[in-house]
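Listed here are the chains, written in short residue letters.
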Amino acid sequence: MTKEDLSKSEYNPYYETYIEKAGALALYEGLKTNGDLTIAFLESIPEDKLEYRYEAGKWTVKEIIQHLIDTERVFMYRALCIARQDKTLFPGYDQDAYAASCEANQRSMYSLMNEYKAVRLASIILFESFTKEMLTQIGIASNSNLSPRAVAFIIIGHENHHCDVIKERYL
């Protein structure tokens with residue numbers, strides 16, 4: 001299953017940019033391969049750049065990593081609920097509130113990367129447990145349709161977006 005299998009009715013148009021950045025890999029391969037590439041990239045960032053801000057008020061690299069972790073968790077919860085036909089209406093989440101209270105800069109890179117790896121592995125295992133029917137269920141998040149398979153491509157593209165930002169503005 002690739003992003004070309006998605007219907008635009010499966011996600012909020014806001015996520016189109018992320019889905020476009022998800023690349024051409026199939027869903028399961030994309031989560032695994034993209035995760036491996038992201039790990040290699042993040043672990044290559046020089047220590048002196050981890051708490052760097054390219055502009056006042058912008059997140060540090062460590063805060064971006066925590067943001068990736070938090071976002072994946074939020075979206076995976078949504079995917080699980082939707083796949084299990086839970087009809088809960090999911091609100092948006094305030095990424096800035098999460099970032100302001102995450103204390104990422106107090107953590108070691110080792111700790112952040114271990115958490116990232118654990119979350120990604122859990123995501124992969126969860127997606128592997130979904131049937132095709134579960135992947136195409138539609139729920140409501142932020143007042144828009146959302147399918148579990150759209151979640152996978154949003155996670156991949158969101159991650160690619162932030163890695164591109166780090167490359168362009170932090171390194």
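As a starting point, this report considers the structure included with it. (Residues numbered from 1 in each chain as written. Predicted model: local features only at pLDDT ≥ 70, side-chain atom pairs only at ≥ 80, totals over all residues. Heavy atoms only, no water.)

1. Quick notes on the overall build of the protein
Alright, step 1. Counting its regular elements, the protein contains seven helices and three strands.
Alright, step 2. Traced from its N-terminal end to its C-terminal end, the protein shows the element sequence α-α-α-β-α-α-α-β-β-α.
Alright, step 3. Here the protein has a C-alpha radius of gyration of 16 Å; the compact-globule value for 171 residues is 16 Å, and the two agree.
Alright, step 4. Its C-alpha atoms give the protein principal-axis dimensions of about 45 × 30 × 25 Å. (Helix = DSSP H or I, 4+ residues; strand = E, 2+ residues; numbered from the N terminus. Rg over C-alpha atoms; globule rule 2.2 N^0.38 Å.)

2. Some words on the sheet that holds strand β2 (residues 139-141)
Alright, step 1. Spatially, the three strands line up as an open sheet ordered β1-β2-β3, and their pairing is mixed. Strands at the two margins of the open sheet, each flanked by one partner only, are β1 (89-90) and β3 (144-146).
Alright, step 2. With two bridges joining them, β1 and β2 adopt parallel strand pairing. Within the sheet, the bridge partner assigned to Leu89 lies in β2 and is Ile140. (Pairing = 2+ DSSP bridges.)

3. Side note on unusual backbone geometry
Alright, step 1. If you check the backbone angles, Gln85 has positive phi at about 65° while not being a glycine.
Alright, step 2. Here Gln85 shows up in the loop between α3 (61-83) and β1.
Alright, step 3. Residue class for Gln85 comes out partly exposed when judged on its relative accessible area of 49%.
Alright, step 4. Even without glycine at this site, Glu103 takes up a positive phi of about 60°.
Alright, step 5. In this fold, Glu103 is placed in the loop between α4 (95-101) and α5 (109-129). (Buried < 20%, exposed > 50% of the residue type's maximum accessible area, 1.4 Å probe, protein only.)

4. Notes on the environment of Tyr18
Alright, step 1. Tracing the backbone shows Tyr18 in helix α1 (residues 16-20).
Alright, step 2. As a C-alpha pair, Tyr18 and Glu55 span 37 residues in sequence and 23 Å in three-dimensional space.
Alright, step 3. Excluding its chain neighbours within four sequence positions, the residues that come into contact with Tyr18 are Phe153, Ile154, Gly157, His158 and His161. (Contact = heavy atoms within 4.5 Å.)

5. Observations concerning the pattern of salt bridges
Alright, step 1. This model, assessed by the stated rule, comprises 11 salt bridges.
Alright, step 2. Linking Glu72 and Arg120 is a salt bridge whose minimum nitrogen-to-oxygen distance equals 2.7 Å. Pair noted here: Glu72 is in helix α3 and Arg120 is in helix α5, with a separation of 48 residues, a long-range link.
Alright, step 3. We classify Glu72 as buried; its relative accessible area is 3%.
Alright, step 4. By sharing partners, the salt bridges in this structure join Glu72, Arg120 and Glu159 into a single network. (Salt bridge = Lys/Arg side-chain N within 4 Å of Asp/Glu carboxyl O.)

6. Describing helix α2 (residues 27-43)
Every α-helical turn comprises 3.6 residues, leaving residues that sit three or four positions apart pointing alike.
Alright, step 1. For α2, spanning 17 residues, the distance from its first C-alpha to its last is 24 Å, which sits close to the expected 24 Å at 1.5 Å a residue.
Alright, step 2. Where α2 is concerned, the buried positions are Leu27, Gly30, Leu31, Asn34, Gly35, Thr38, Ile39, Phe41 and Leu42. Taken down its axis, α2 places every buried residue within 165° of arc, on the same side. (Expected span 1.5 Å × (residues − 1). Arc of directions from axis to C-beta.)

7. Quick look at helix α7 (residues 148-169)
Alright, step 1. Between its terminal C-alpha atoms α7 stretches 32 Å, which fits the 32 Å expected from 22 residues at 1.5 Å a residue.
Alright, step 2. Most of α7 sits inside the fold, with 17 of its 22 residues counted as buried.

8. Description of the nonpolar core
Alright, step 1. Core analysis: the biggest nonpolar cluster contains 29 residues, and Tyr11, Leu31, Phe127, Leu146, Val151 and Ile154 have the highest contact counts within it.
Alright, step 2. Looking at this core, the elements that each hand over two or more residues are α1, α2, α3, α5 and α7.
Alright, step 3. Here this core takes seven residues from α7, the largest share from any one element.
Alright, step 4. Apart from residues no more than four positions distant in its own chain, Ile154 is found in contact with Tyr11, Tyr15, Tyr18, Ile19, Phe75 and Leu146. (Core = buried A, V, L, I, M, F, W, Y, C linked by side-chain atoms within 4.5 Å.)

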